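# Chain and residue survey
Chain by chain, the residues run as shown.
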Amino acid sequence: MADPYSTLGVSRTATEAEIKSAYRKLAKELHPDRNKDKPDAAERFSKVTQAYDLLSDKARRAQFDRGEIDADGNPANPFSGMGRGGFGGGGGQRQYRPEDFQGFGTDDIDLGDIFDGLFGGGGGRARSSGSPFGRRSPPPPRKGGDIAYRLKVPFVDAATRRDQRITLADGKTIDLKLPAGVEDGTQMRLKGKGEQGPGGAGDGIVTITVEPHKFFERDGNNVRLDLPLTLSEAVHGAKVKVPTVDGPVMLTIKPGTSGGTVMRLGGKGFSDKSGKRGDQLVKLEISLPEDLTELSERLKDWNDSANPRVILGV
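These numbers were taken from a predicted model, which means no experiment stands behind them.

We now examine the overall build of the protein chain. Helix and strand counts for the protein chain stand at eight helices and eleven strands. Across the 314 residues that make up the protein chain, the buried fraction comes to 29%. The contacts of the protein chain with a sequence gap of at least 6 include a subset with a gap of at least 24, amounting to 49%. Accessible surface for the protein chain amounts to roughly 20,200 Å². Of this, 50% is attributable to carbon and sulfur atoms.

As structure tokens, this is what we get:
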């Protein structure tokens, strides 16, 4: 995989917030559901997700920055910094002198044994028990690769954090508990649900897409809803049923309520990362009947003396 910083378009000194912001922007831009006519979008989306998975993990990011792992999360070559000429790093062959080996003991030193031991050769055995040159331990077995999943979550389910069922690559289904603060682009890691490998299974990476709703609209952690009222309900007041993500509730409308009034229903929105939920904001809209004949007849001798345009100086 290419350099994860380049893949996300951020610098190596980017903060966690900058990395997350860059990923969200690219994830929305490259999401396969929005690019059905672009076959390469799914591959780019997968690479962006893999880059974010590495850089969002503090420990793995630090390992990558130190050169301990590569962009795919695999152990880096421990001798990648050596030059062609051995330890010199400068391309030319270094000439060793007898005094370079002082302290290792000079009895029956076999340089072939020393370097075989260092590079894992067949005769890797130091003559002296105190020698730092021993046989190098083999790298641990590699884990299997991660598997990327996409999960569409209905708007109401995301707001109420209802468990979601997902089918894995092996055909098994599991129920996922949505995290607090869930939003479009949120990722969930499923330990051991990736590909099998000699060192164990990789992980499943689930990227969530929150589907839009016909009536509700998300505003941060709040939910907005436009609620139509009849003229009679606005003038005389009423108790009206209002839909919420938790089910319908009764809302009291005071007599003389004006169109455009916003009423707040506490705790009926999305949760933040602490689990605290936002509110539902209900905007009241006065809806007149399609046939105004009867209403016009009733109001023909009535004149509203209150002029709200005076507020505007008109």
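Don't stop here, the text continues.
Next up on the list: unusual backbone geometry. The residue Arg161 is not glycine, and still its phi comes out positive at about 55 degrees. On the basis of relative accessibility, which here comes to 26%, the residue Arg161 falls in the partly exposed class.

So, about the environment of Arg142. Tracing the sequence through the fold places Arg142 in the loop between helix 5 (111-118) and strand 1 (147-153). Among the polar contacts listed, one links the side chain of Arg142 to the side chain of Asn74, at a separation of 3.2 Å.

It is worth spelling out the layout of surface pockets at this point. Computed from the structure, the largest pocket encloses a volume of approximately 760 Å³. Around the largest pocket, the lining comprises 29 residues; the ones closest to its centre are Arg60, Asp72, Gly73, Gly144 and Asp146. Contributing elements (two or more residues each) for the lining of the largest pocket: helix 3 (40-55), helix 4 (58-65) and strand 1. Ranked by residue count, the leading element in the lining of the largest pocket is helix 3, at five residues. By residue class, the composition of the lining of the largest pocket is ten nonpolar, nine polar and ten charged. Lining the second largest pocket are 20 residues, and of these Lys20, Tyr52, Gly185, Thr186 and Gln187 lie nearest its centre.

The subject of this paragraph is the sheet that holds strand 6 (residues 217-219). Taken in spatial order, the four strands of this open sheet run 6-7-11-10, and their pairing is mixed. Two strands in the sheet have a free side with no partner beyond their single neighbour: strand 6 and strand 10 (262-265). On average, each strand axis in the sheet is tilted by 35 degrees relative to the strand beside it, whichever way the strands run. The pairing of strand 10 with strand 11 (residues 280-287) spans four bridges and is classified as antiparallel. Bridge assignment links Val262 to a residue of strand 11, and that residue is Lys283.

What counts and what doesn't
Residues numbered from 1 in each chain as written. Predicted model: local features only at pLDDT ≥ 70, side-chain atom pairs only at ≥ 80, totals over all residues. Heavy atoms only, no water. Helix = DSSP H or I, 4+ residues; strand = E, 2+ residues; numbered from the N terminus. Buried < 20%, exposed > 50% of the residue type's maximum accessible area, 1.4 Å probe, protein only. Contact = heavy atoms within 4.5 Å. Areas by Shrake-Rupley, 256 points an atom, 1.4 Å probe, with all protein chains shown as cover. Polar contact = N/O pair within 3.5 Å; in protein donor to acceptor, adjacent residues only side chain to side chain. 1 Å grid on protein atoms, 1.4 Å probe; cavity = no way out; pocket = protein on both sides within 12 Å on 5 of 7 lines; lining within 4 Å. Points joined across faces, edges and corners; volume = space filled by probe spheres on them. Nonpolar A, V, L, I, M, F, W, Y, C, P; charged D, E, K, R; others polar. Pairing = 2+ DSSP bridges. Axes fitted to C-alpha atoms, helices over the stretch in contact; angles between N-to-C directions.

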